[in-house]
Amino acid sequence: MGELLILNGSPRAPRSHSRRLADLAAGCWKGNTVCRDILGADLNGLCAETGRASHVLLVFPLYADALPVPLLKFLTALEESPPQSRPVVSVLINCGFLEPHQNDVAVEMVRLFCRQNGYPLGSALKIGSGEAILDTPFRFLVSRQVRRLVRSMSRGACRTFSVTMPLTRRQFVSASTAYWLRYGRSRGVTKSQMETMDIEPDGP
Ligand SMILES: Cc1cc2nc3c(=O)[nH]c(=O)nc-3n(C[C@H](O)[C@H](O)[C@H](O)COP(=O)(O)O)c2cc1C
């Protein structure tokens, strides 16, 4: 089975949705698992760990239709300090819009990196509908696809899976707006404050 290195590429790693997804994936892998946040990590250390793993799972959010900065920095470091042994690289990506296909280009970016740098391609799971899904009755849909992803990785397959909430766009917009307003209220943040460009000013 070998060792699985799970790397969380979220810019808000400690309290990210990606962290929760990474934990789900770790629970499904039968061999040894090591989970790391890329944010704040020693990138050379992560490159060395990459060389010791048989599989790497990159877990990250879609940012501006592309890869978030911590993950970009890690891939740059990996290009500059390539490990001797190359693990199979799989992807678990999630995005805020309803449609999982929003993630297509970002997955292709990772696959291009793998092809150009000699990493065998593993499987991918694309999740739509934002970070609320694990706290809804649709959680089981995500858990099921994460299990399928990990099973596919352990078989050495190169498959792509996707999942989202089974809602219409109108229902999703209405439910997600209500979710974010409730979320803001519970933290003393108003709608107009959420509409500013300040992103987690007291964040990590
Ligand atoms: C700066 C920023 C850019 C984003 N860009 C996109 C985007 O292009 N498409 C999308 O569907 N979601 C986008 N999102 C939403 C995130 O992908 C989504 O909230 C994700 O669940 C966050 O995961 P995390 O908690 O692991 O960081 C963006 C979020 C932020 C903060």
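Criteria and cut-off values
- Starting afresh in each chain, residues are numbered from 1 along the sequence in its written order.
- The predicted origin of the model limits local features to residues at a pLDDT of at least 70 and limits the giving and counting of side-chain atom pairs to 80 or more, whereas totals for whole chains, interfaces and linings rest on all residues.
- Processing note: side-chain calculations cover all non-hydrogen atoms of the structure and skip hydrogens and water entirely.
- Salt bridges, as used here, are contacts in which a Lys or Arg side-chain nitrogen is within 4 Å of a carboxyl oxygen on Asp or Glu.
- Each helix is a run of DSSP H or I of at least 4 residues and each strand a run of E of at least 2, with the numbering of both proceeding from the N terminus.
- When accessible area is computed with a 1.4 Å probe and restricted to protein chains, residues below 20% of their type maximum are described as buried, those above 50% as exposed, and intermediate ones as partly exposed.
- Domain delimitation in this document rests on an assignment produced automatically or drawn from a domain database.
- In what follows, a contact means two residues having at least one pair of non-hydrogen atoms within 4.5 Å.

### Structural notes on the pattern of salt bridges
Pairs can form between side chains of opposite charge once their charged atoms are near each other.
And then number 1: Taken as a whole and judged by the stated rule, the model has 9 salt bridges.
And then number 2: Ionic pairing is found between Asp-135 and Arg-20, a salt bridge with its closest N-O pair at 2.9 Å. Note that Asp-135 is positioned in the loop between β5 (121–127) and α5 (139–154) and Arg-20 in helix α1 (residues 17–28), a separation of 115 residues in sequence.
And then number 3: Its relative accessible area of 51% is what places Asp-135 among the exposed residues.
And then number 4: Looking at Arg-20, the relative accessible area reads 32%, which means it is partly exposed.
And then number 5: Through salt bridges with shared partners, one network takes in Glu-108, Arg-111 and Arg-115.

### Some details on the domain arrangement of the protein
And then number 1: Domain annotation for the protein reports domain 1 (4–166) and domain 2 (169–198 + 200–204).
And then number 2: Taking only C-alpha atoms, the centre of domain 1 and the centre of domain 2 are 26 Å apart.

### Brief notes about the environment of Ala-26
And then number 1: Take Ala-26: it is sitting in helix α1.
And then number 2: Classification of Ala-26 by relative accessible area gives buried; the value is 19%.
And then number 3: For the pair Ala-26 and Arg-147, spaced 121 residues apart in the sequence, the C-alpha separation amounts to 9.9 Å.
And then number 4: Look past the residues within four positions of Ala-26 in its chain and what remains in contact with it is Ile-6, Thr-33 and Cys-35.

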